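Summary of the model geometry
Spelled out, the chains give:
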Amino acid sequence: MAQEDVFKKLVAHCKEYGFVFQSSEIYDGLGAVYDYGQNGVELKNNIKKYWWDSMVLLHENVVGIDSAIFMHPTIWKASGHVDAFNDPLIDNKDSKKRYRADVLIEEQLAKFEDKIEKEIEKASKRFGDSFDEKQFRETNARVLENQQKWDELKARFVKALNDSDLDEVKQIIIDQEIVCPVSGTRNWTDVRQFNLMFSTDMGSTADGALKIYLRPETAQGIFVNYLNVQKTGRMKIPFGIAQIGKAFRNEIVARQFIFRMREFEQMELQFFVRPGSELDWFQKWKQTRMNWHQALGFGKENYRFHEHDKLAHYANAAVDVEYRFPFGFKEVEGIHSRTDFDLTQHQQFSGKKIQYFDPELNESYVPFVVETSIGVDRMFLQIMAASYAEEEIVSEDGKKDIRVVLRIPAPLAPVKLAVLPLMKKDGLAEKAREIIDELKFDFNCQYDEKDSIGKRYRRQDAIGTPFCVTVDHITLEDHTVTIRYRDSMLQDRIAISELKARISGEVTMKKLFAEL
Ligand code: GAP
């Protein structure tokens, strides 16, 4: 199946099974804003718990906070967001559609990469085991030609970004003959900068109202609380402050479902370190975060690091963790060495001294910061994309069938156990409810009595429930049930009294932490 079709199916599945709904749907929706349904919110909460516990529980020197979304507007002046939190936009005069100029060029680069990958794939099939990819890359004329085009475009693009040269960005789009996907024309406007922050007024009187911003990142709430936490928690450097919360960006191009939203949630860590040690800590956090992703078991080959071409105004090193989505490798998380930029700026703009007295060095300094920043929603999409599978199976009546299954890692699955009475009568329903009453404080259980057992299994597969148990007449006699495993579809007969231990061991977060 084409990857585009996989993605369309995934989006439809998210809606059909109560994971994600378009916001304000009955009013025809609101662009790039989404609501989470009954299963989505459970998965989202589990992702947040996996992140939070891996930061705050597993690191003695990391604590959490929850700062307000509304903050003093000067914070955004100090952080540079008022002046520099921009994306370069370009309009097509014929279709009137707006695009991010940098994204148009990145897509052009991806086209050259695709061409190279296709040549390699073809040759690999042709030569089989004797295929030497390295040699092929170095000698094949078509690969070399596309690689050269890629190198030249990349170098020109990086220079234009670093020089903030918007005319050159437009010239690249023209020279590369990039067309608008809607009108098919190259009738472009100039490239302009567009600030991504939403603003609103706080206060009741027109004169006294204060223009405030909806935070575009949660990080600033951590920076401005650095002193509060360091002092009240008696924290010693190196230490970290973690936060999960909403962020808002007026994205120019909001496509690809929950990949790029206007209201989203971030999980951010600011890790405060001694000046000069930040690049070592940057390397450590890079590895720690990659391990966190790979512990989910979706295949190491589907992740990679991507070095930034243009560093943000606050960073001296930056890397993204990318995952292979159905639409290509894309960023899931950013790791930045933010220097002492933010704390120094807040020190200057607030007039308050923000420093740390290091007893070992017997000196005071503004700490340097390593940040890890991941979008909850993007992580959600990554897990859904990695988990979604369609399998051919033989159904109860011997016919071939397609089973749609979400292979969500059990600790993150919205529902851990479904309890299914074979029929409603003869006391089977009551017995099923008894089992749920016994286990519902340990993990999320769901009761389902409607339709055939086969259909009920399919429904649970479709929401990723790792375990189903069926209650039948034998259950009433010997207190055993049939347990069915989502991934293998194998079944086993076990005592009700064993259920808790069997399931708990698989659905606990400890199972993921053991991989870190
Ligand atoms: N404090 C640093 C920061 O905000 P970022 O690279 O702009 O860095 C970090 O964002 C992460 O937040 C991204 O890797 C992505 O997972 C998520 N993110 C950013 N913009 C988003 C959007 N419009 N919709 C969904 N997630 C977004």
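Going by the structure above, here's the rest.
Here is a short report on the structure shown in this document.

What counts as what
- Residues numbered from 1 in each chain as written.
- Predicted model: local features only at pLDDT ≥ 70, side-chain atom pairs only at ≥ 80, totals over all residues.
- Heavy atoms only, no water.
- Disulfide = S-S within 2.5 Å.
- Helix = DSSP H or I, 4+ residues; strand = E, 2+ residues; numbered from the N terminus.
- Buried < 20%, exposed > 50% of the residue type's maximum accessible area, 1.4 Å probe, protein only.
- Lys, Arg positive; Asp, Glu negative; His and termini not counted.
- Salt bridge = Lys/Arg side-chain N within 4 Å of Asp/Glu carboxyl O.
- Contact = heavy atoms within 4.5 Å.
- Near = heavy atom within 4 Å.
- Polar contact = N/O pair within 3.5 Å; in protein donor to acceptor, adjacent residues only side chain to side chain.
- Areas by Shrake-Rupley, 256 points an atom, 1.4 Å probe, with all protein chains shown as cover.
- Nonpolar A, V, L, I, M, F, W, Y, C, P; charged D, E, K, R; others polar.
- Axes fitted to C-alpha atoms, helices over the stretch in contact; angles between N-to-C directions.
- Parallel < 35°, antiparallel > 145°, perpendicular 65-115°, else oblique.
- Left-handed = near helix turned anticlockwise from the far one by under 90°.
- Pairing = 2+ DSSP bridges.

1. Re the state of the cysteines
- As enumerated under the stated definition, the model contains zero disulfides in all.
- Between Cys 14, a free cysteine, and Cys 468, which holds the nearest cysteine sulfur, the sulfur-to-sulfur gap is 20 Å.
- Among the cysteines around Cys 468, which has no disulfide bond, Cys 445 carries the closest sulfur, lying 11 Å off.

2. Some remarks on the side chain of Arg 249
- As for its position among the elements, Arg 249 is in the loop between β9 (239-248) and β10 (263-273).
- An unpaired buried charge is present at Arg 249: no salt bridge exists, and Glu 251, the closest side chain of opposite charge, is 4.7 Å distant.
- In this structure Arg 249 touches Phe 85, Leu 196, Phe 198, Pro 216, Glu 217, Met 261, Arg 262, Phe 264 and Gln 266, once residues within four positions along its chain are discounted.

3. Focus on the site of the ligand
- Close contacts around the ligand come from 21 residues, with Glu 217, Glu 251, Glu 268, Glu 331 and Val 332 the closest.
- Within the contact set of the ligand, a nitrogen atom lies 2.6 Å away from a side-chain nitrogen or oxygen of Glu 217.
- In the environment of the ligand, a nitrogen atom lies 2.9 Å from a nitrogen or oxygen atom belonging to the side chain of Glu 371.
- Relative to its unbound accessible area of 560 Å², the ligand is 93% covered by the protein chains.
- When residues of the shell around the ligand are traced back to their parent elements, those giving at least two are β10, β13 (328-339) and β16 (368-375).
- Of all the elements, β13 adds the most residues to the shell around the ligand, at six residues.
- Of the residues that constitute the shell around the ligand, the class distribution is six nonpolar, five polar and ten charged.

4. Remarks on the packing of helix α1 (residues 3-16) against helix α13 (residues 376-387)
- Two elements in contact, α1 and α13, have axes whose closest approach is 10 Å; the angle formed by their N-to-C orientations is 110°. In this view, α1 runs roughly perpendicular relative to α13, as classed from their interaxial angle. Judged by the sense of rotation from one axis to the other, the crossing of α1 with α13 is right-handed. Listed contacts from α13 to Phe 7, Leu 10 and Cys 14 of α1 are Leu 381, Met 384 and Ala 385.

5. Focus: the environment of Ala 160
- Structurally, Ala 160 is set in helix α7 (residues 141-162).
- For Ala 160, the residues in contact, after removing those within four places along its chain, are Asp 165, Glu 168, Val 169 and Ile 172.

6. Some details on the packing of helix α2 (residues 40-57) against α13
- Two numbers describe how α2 lies on α13: the axes approach to 10 Å, and their chain directions differ by 110°. As the angle between them shows, α2 and α13 are arranged roughly perpendicular. Between α2, through Gly 40, Leu 43, Lys 44, Ile 47 and Lys 48, and α13, the contact on the second element is made entirely by Val 376, Asp 377, Met 379, Phe 380, Ile 383 and Met 384.
- Its residues assigned to classes, the contact of α2 with α13 shows seven nonpolar, one polar and three charged.

7. Digging into the sheet that holds strand β4 (residues 86-91)
- Read from one edge of the open sheet, three strands run β5-β4-β6, paired in antiparallel fashion. Unpaired on one side and paired on the other, β5 (98-100) and β6 (192-195) mark the two borders of the sheet. Neighbour-to-neighbour, the strand axes of this sheet turn through a mean angle of 45°, independent of strand direction.
- Sheet topology places β4 next to β6; four bridges connect them, and they run antiparallel. Counted as the bridge partner of Asp 87 is Phe 194 from β6.

8. Notes on the environment of His 293
- Within the secondary structure, His 293 sits in helix α11 (residues 278-294).
- Take His 293: its relative accessible area is 0%, and that puts it in the buried class.
- Each C-alpha atom of the pair His 293 and Tyr 323 lies 9.4 Å from the other, and the pair is 30 residues apart in sequence.
- Once you skip the residues sitting within four places of it in the chain, His 293 turns out to touch Tyr 303, Val 321, Val 332, Glu 333, Ile 374, Met 379 and Gln 382.

9. Here we look at the pairing of β10
- Burial analysis of β10 places ten of its eleven residues in the buried class, the great majority of the element.
- Bridge count for β9 against β10 is ten bridges, and the pairing is antiparallel. For Ile 244, the partnering residue across the bridge sits in β10 and is Met 267.
- Bridge analysis of β10 against β16 gives eight bridges, and the strand direction is antiparallel. Its bridge partner lying in β16, Gln 266 is registered against Gly 375.

Just distances and angles here, no functional claims.
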